[in-house]
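The residues making up each chain are set out below.
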Amino acid sequence: MILVLRALGVGDLVTAVPALRALRAAYPSRELTLAAPGWLAPLVDLVGGVDRLVDTAGLDHPLRVGSAPRVAVNLHGRGPQSHRLLAATRPGRLLAFASPDAGCADGPRWAADEHEVDRWCRLLSWYDIPADRADLSLRRPASAGLPSGVTVLHPGSKIPAKRWPAERFAALARALTDKGHRVLLTGSADERALAARVAEAAGLSSETVLAGRTDLGALAALVADARLVVSGDTGVAHLATGYGTPSVVLFGPVPPAHWGPPPDRPRHRVLWAGEADWPRWDGVGSHPTLAALHLDEVLAAVAEVERVVRVSGAVAA
């Protein structure tokens, strides 16, 4: 068994896809077991190559994986806690970043200023396991009975600082609707009130609010067949990358150099206000780097990605 730890969320899983596929290729005859939250199961199926999912949320409980793995791989973090969690399964070998505090002298050094995809590819490369950082595509999900060709606006984020102001999302929804887009609002159950507030301010019906009404598989199907996705730096943006769905991603305070879509893919446009000398933030509402992004900039980015789609479609024809 090859045991991989990645007990995090949607974006974390999608950015680990190249590393997971590299491990599948390196150990084709071994069972590949992923320790990750159970609710990610529909998305794990769309990654492909994972034989077993062990429901693991966080690092507070022992991993129940049965027999000792031949190889354990830490795609979760730098240690020491995640290293120790895997070491407790008594693997034949541990692939991880060097962590003297966890008694792990082997492995490359952690680099804070590194894209998340590149981080895990570099880790495996250090152990002579080649990984293709461009291998981010996801399998097409089965139809979930949701409409295709819609524009998905995702105003929420688990981290409130990463949320573009709700009133600007409402203005964007109005503007896109006026341009002929069919707008739907997505989010978790906890974000339903936020999505409903955006819809009301935009003059949209309650039927446009899908937040809390779709599971992860249905959300993936919606994004895969969407016309456009506009979101902050959150899981939906990574789904758009995985399906090549045109997207505009609003970044802040974390820079896109750490979590953004590949810069060589013009269907995905990133907006980022940079490392300016922002006024002191009181910790409430959107971070200043997001508040600095205005509606006209987002509409211009939408127009640009739609132009790219039209041009690429014409070339393909």
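Refer to the structure presented above.
Attention in this report is confined to the structure presented alongside it. (Residues numbered from 1 in each chain as written. Predicted model: local features only at pLDDT ≥ 70, side-chain atom pairs only at ≥ 80, totals over all residues. Heavy atoms only, no water.)

Comments concerning helix α2 (residues 17-26)
Extensive coverage of α2 is indicated by the burial of eight of its 10 residues. Those residues of α2 that fall on the buried side of the exposure criterion are Val17, Pro18, Ala19, Leu20, Arg21, Ala22, Leu23 and Arg24. Residues of α2 that are buried in the fold lie against β1 (2-5), α1 (10-15), β2 (32-36), α3 (41-47), β4 (71-74) and α5 (116-126). (Buried < 20%, exposed > 50% of the residue type's maximum accessible area, 1.4 Å probe, protein only. Helix = DSSP H or I, 4+ residues; strand = E, 2+ residues; numbered from the N terminus. Contact = heavy atoms within 4.5 Å.)

Overview of unusual backbone geometry
Excluding glycine, most residues fall at negative phi; most peptide bonds, likewise, are trans. Residue Pro80 follows Gly79 across a cis peptide bond; omega there is 5°. By the secondary structure assignment, Pro80 is in the loop between β4 and α4 (81-87). Here Gly252 and Pro253 are connected by a cis peptide whose omega angle stands at -5°. For Pro253, the position within the fold is in the loop between β9 (247-251) and α10 (256-259). Positioned with a positive phi, Arg90 is a non-glycine residue whose angle comes to about 55°. Secondary-structure assignment places Arg90 in the loop between α4 and β5 (93-95). Arg90 gets classed as exposed once you look at its relative accessible area, which sits at 70%. Look at Asp128: it is not a glycine, yet its phi comes out positive at around 65°. What makes Asp128 exposed here is its relative accessible area of 71%.

Side note on the packing of helix α6 (residues 166-178) against helix α7 (residues 192-202)
The geometry of α6 relative to α7 is characterised by a closest axis approach of 8 Å and an angle of 50° between their N-to-C directions. With respect to each other, α6 and α7 are oriented oblique. When the axes of α6 and α7 are compared, the crossing they make is right-handed. Contact with α6, carried on its side by Ala166, Phe169, Ala170, Ala173 and Arg174, involves Leu194, Arg197, Val198, Ala201 and Ala202 of α7 and no other residues of that element. A class-by-class count of the residues in the contact of α6 with α7 yields eight nonpolar, no polar and two charged. (Axes fitted to C-alpha atoms, helices over the stretch in contact; angles between N-to-C directions. Parallel < 35°, antiparallel > 145°, perpendicular 65-115°, else oblique. Left-handed = near helix turned anticlockwise from the far one by under 90°. Nonpolar A, V, L, I, M, F, W, Y, C, P; charged D, E, K, R; others polar.)

Observations regarding the pairing of strand β6 (residues 151-154)
In summary, the side chains of a regular strand alternate between the two faces of the sheet. Burial along β6 is two-sided: the residues Thr151 and Leu153 and Val152 and His154 are all buried. Of the strand pairs in this sheet, β6 and strand β7 (residues 183-185) are connected by three bridges, and their pairing is parallel. Considered in β7, the bridge of Val152 is made with Leu184. Taking the sense of rotation as the criterion, the β-α-β connection linking β6, α6 and β7 turns out right-handed. Looking at chain direction, β6 and strand β8 (residues 228-232) are connected through four bridges and run parallel. Note that in β8 the partner of His154 across the bridge is Ser231. (Pairing = 2+ DSSP bridges. Right-handed = clockwise from strand over helix to strand, strands pointing away.)

Quick look at the sheet that holds β2
Within the open sheet, the five strands sit side by side as β3-β2-β1-β4-β5. Their pairing is parallel. Edge positions in the open sheet fall to β3 (52-55) and β5, since each of these has one partner strand only. Neighbour-to-neighbour, the strand axes of the sheet open up by a mean angle of 20°, direction not taken into account. As paired elements, β1 and β4 share four bridges and run parallel to each other. By the bridge assignment, Leu5 is partnered in β4 with Asn74. In the packing of α2 onto the sheet, contacts are made with β1, β2 and β4, and the angle to β2 comes to roughly 155°.

Observations regarding the sheet that holds β9
Whenever strands of a sheet pair, they do so through backbone hydrogen bonds, lying parallel or antiparallel. Ordered by their spatial adjacency, five strands build an open sheet running β7-β6-β8-β9-β10, and the pairing between neighbours is parallel. Edge positions in the open sheet fall to β7 and β10 (268-272), since each of these has one partner strand only. Each adjacent strand pair in this sheet contributes to an overall mean axis angle of 15°, direction not counted. Across five bridges, β9 lies against β10 in parallel orientation. Each residue of the ladder has a partner; that of Phe251, found in β10, is Trp272. Across the sheet, α6 lies against β6, β7 and β8, angled at about 175° from β6, the strand it touches most.

Thoughts on the packing of aromatic side chains
Considering all chains together, one arrives at five aromatic pairs under this definition. Here Trp164 and Phe169 contribute two aromatic rings whose centre-to-centre distance is 5.2 Å and whose plane-to-plane angle is 80°, an arrangement assigned as edge-to-face. The exposure class of Trp164 is buried, given its relative accessible area of 3%. Taken together, the aromatic side chains of Phe97, Trp110 and Trp120 make up a single cluster linked through ring pairs. When the ring centre of Trp110 is taken as reference, the NZ or CZ atom of Arg119 above it lies at 4.1 Å. (Phe/Tyr/Trp six-rings, centres within 6.5 Å; stacked < 30°, edge-to-face > 60°. Lys NZ or Arg CZ within 6 Å of the ring centre and 35° of its normal.)

Nothing here speaks to function; it is all geometry.
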